[in-house]
Amino acid sequence: MKKILLILITIFIVWSAHAEKPDSCFYSQVDLANRWIWRGVSYSESPVIQPTIGWANGKLSVSVFGSYAFEPKSYSEVDFTIEYQLMKKLKFGLTDYFGITDSLGAKHDFLNLNRKTTMHMLDFYGVYYPSQRVPLSILYSFWFWGADRNQQTLRQNFSSYAEVKYEREYGQYKTSAFAGMTLGKGFYASHPAIVNLGVGLSKSLSICKSFSIPTKIELILNPEEQNVYVNAIISIK
């Protein structure tokens with residue numbers, strides 16, 4: 001884990017050096033959603049606010065994401081992500097998920113880096129775009145260290161997730177369809193299974209000539225758990 005932290009610190013130093021260049025691009029965004037549904041799993045029972053701050057320049061991007069529900073003592077998360085566009089058709093990323101049950105006076109134990117007790121979880125993923133003509137992407141995600149572990153043996157579950165997504169624009173609307181599955185026993189299911197099916201529709205609502213709000217509605221089905229959700233998201237950038 002110390003080696004991983006050293007790598008992250010090195011990347012941060014490189015990021016800071018690049019950020020001083022005139023063409024650096026910082027960005028921020030705030031999402032509001034009626035529920036937090038991710039990869040077919042619900043992480044909240046109430047609306048959530050999800051701020052993001054990041055920097056992107058060419059092939060490299062760095063971001064910090066948070067999620068907080070509008071209810072007391074709820075699940076919250078702070079995620080740190082580094083992405084690198086290796087080529088036009090392929091990018092890789094590393095995310096440190098840090099999830100807790102948050103409340104006033106709670107101790108997050110953020111600096112606990114013991115693999116058997118930490119609430120950090122490292123995810124290595126890749127996204128492949130097979131064709132420039134077809135707006136298709138293929139994601140593969142692998143949780144390899146931290147909180148994704150068997151509660152009895154404390155061994156890593158090594159949960160994996162694969163997803164195919166199709167996105168296309170029709171005038172002012174952007175549509176999407178996706179299918180995700182886990183490839184083995186782990187967090188998502190106790191066996192290989194399809195866990196995330198859905199369709200989405202996005203559109204920017206014009207408030208005035210110089211200001212619009214991106215909106216998205218998704219219908220999501222988890223066939224393995226037999227759960228269905230309708231999720232609405234608005235973004236402020």
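Basis of the calculations
Residues numbered from 1 in each chain as written. Predicted model: local features only at pLDDT ≥ 70, side-chain atom pairs only at ≥ 80, totals over all residues. Heavy atoms only, no water. Helix = DSSP H or I, 4+ residues; strand = E, 2+ residues; numbered from the N terminus. Buried < 20%, exposed > 50% of the residue type's maximum accessible area, 1.4 Å probe, protein only. Contact = heavy atoms within 4.5 Å. Areas by Shrake-Rupley, 256 points an atom, 1.4 Å probe, with all protein chains shown as cover. Core = buried A, V, L, I, M, F, W, Y, C linked by side-chain atoms within 4.5 Å. Pairing = 2+ DSSP bridges. Axes fitted to C-alpha atoms, helices over the stretch in contact; angles between N-to-C directions. Salt bridge = Lys/Arg side-chain N within 4 Å of Asp/Glu carboxyl O. Phe/Tyr/Trp six-rings, centres within 6.5 Å; stacked < 30°, edge-to-face > 60°.

Draft legend 1. How the structure looks around the overall build of the protein chain. A count of helical and extended segments in the protein chain gives one helix and 14 strands. Taken across its 237 residues, the protein chain has 37% of its residues classed as buried. Counting contacts in the protein chain only where the partners sit at least 6 residues apart, residues at least 24 apart contribute 44% of the total. A total of about 14500 Å² of accessible surface is found on the protein chain, and carbon and sulfur atoms cover 62% of it.

Draft legend 2. Representation of the nonpolar core in the model. Judged by nonpolar contacts, Tyr97, Met121, Tyr125, Val127, Leu139, Trp143, Tyr161, Tyr188, Ala189, Ala193 and Val195 together constitute the single largest core of 11 residues. For this core, the elements supplying multiple residues, two or more each, are strand 8 (120-128), strand 9 (136-146) and strand 12 (193-208). Setting aside chain neighbours within four positions, we find Trp143 in contact with Trp38, Arg39, Tyr97, Met121, Leu122, Asp123, Asp148, Phe158, Ser159, Phe187 and Tyr188. With seven residues, the next largest nonpolar core counts Trp36, Tyr43, Ala69 and Ile233 among its residues.

Draft legend 3. Spotlight on the sheet that holds strand 6 (residues 74-87). Pairing in this closed barrel of 12 strands is antiparallel, and the strands run 1-4-5-6-7-8-9-10-11-12-13-14 around the ring. For this sheet, the mean inter-axis angle between neighbouring strands, taken without regard to orientation, is 20°.

Draft legend 4. The arrangement of the environment of Lys59 in detail. Its place among the elements puts Lys59 in the loop between strand 4 (48-57) and strand 5 (60-69). You can call Lys59 partly exposed: its relative accessible area is 46%. Taking the C-alpha atoms as reference points, Lys59 and Lys91, separated by 32 residues in sequence, lie 8.7 Å from one another. Excluding residues that lie within four positions of it along the chain, Lys59 makes contacts with Glu83, Tyr84, Gln85 and Leu86.

Draft legend 5. Fine view of the pairing of strand 8. Most of strand 8 is tucked away, with seven of its nine residues classed as buried. Pairing of strand 8 with strand 9 involves eight bridges; the strand directions are antiparallel. Of the residues in strand 9, the one forming a bridge with Gly126 is Tyr140.

Draft legend 6. Molecular detail of the pattern of salt bridges. A full pass over the atoms with the stated rule returns four salt bridges. Among the salt bridges present, the one from Arg39 reaches Asp123, with a minimum N-O distance of 3.9 Å. Of this pair, Arg39 sits in the loop between strand 2 (37-38) and strand 3 (41-42) while Asp123 sits in strand 8, and the two are 84 residues apart along the sequence. The exposure class of Arg39 is buried, given its relative accessible area of 9%. Two residues, Glu167 and Lys174, come together in a salt bridge whose shortest N-O distance is 4.0 Å. Here Glu167 falls in the partly exposed class, since its relative accessible area comes to 29%. What makes Lys174 partly exposed here is its relative accessible area of 35%.

Draft legend 7. Inspection of the packing of aromatic side chains at higher detail. A complete count under the given rule lists 15 aromatic pairs for this structure. Pairing Trp36 with Tyr43 gives two aromatic rings, centres 5.0 Å apart and planes at 35°, and the pair type is tilted. Each member of the pair, Trp36 as well as Tyr43, is classed as buried. Between Phe92 and Phe124, the aromatic rings sit 5.7 Å apart at their centres with planes inclined by 15°, giving stacked as the arrangement. Here the residue Phe92 occupies a position in strand 7 (residues 90-102), and Phe124 occupies one in strand 8, the gap between them amounting to 32 residues. For Phe124, a relative accessible area of 40% corresponds to the partly exposed category. Here the aromatic residues Trp36, Trp38, Tyr43, Phe65, Tyr75, Tyr97, Trp143, Tyr161, Phe187 and Tyr188 are joined through ring pairs into a cluster of three or more.

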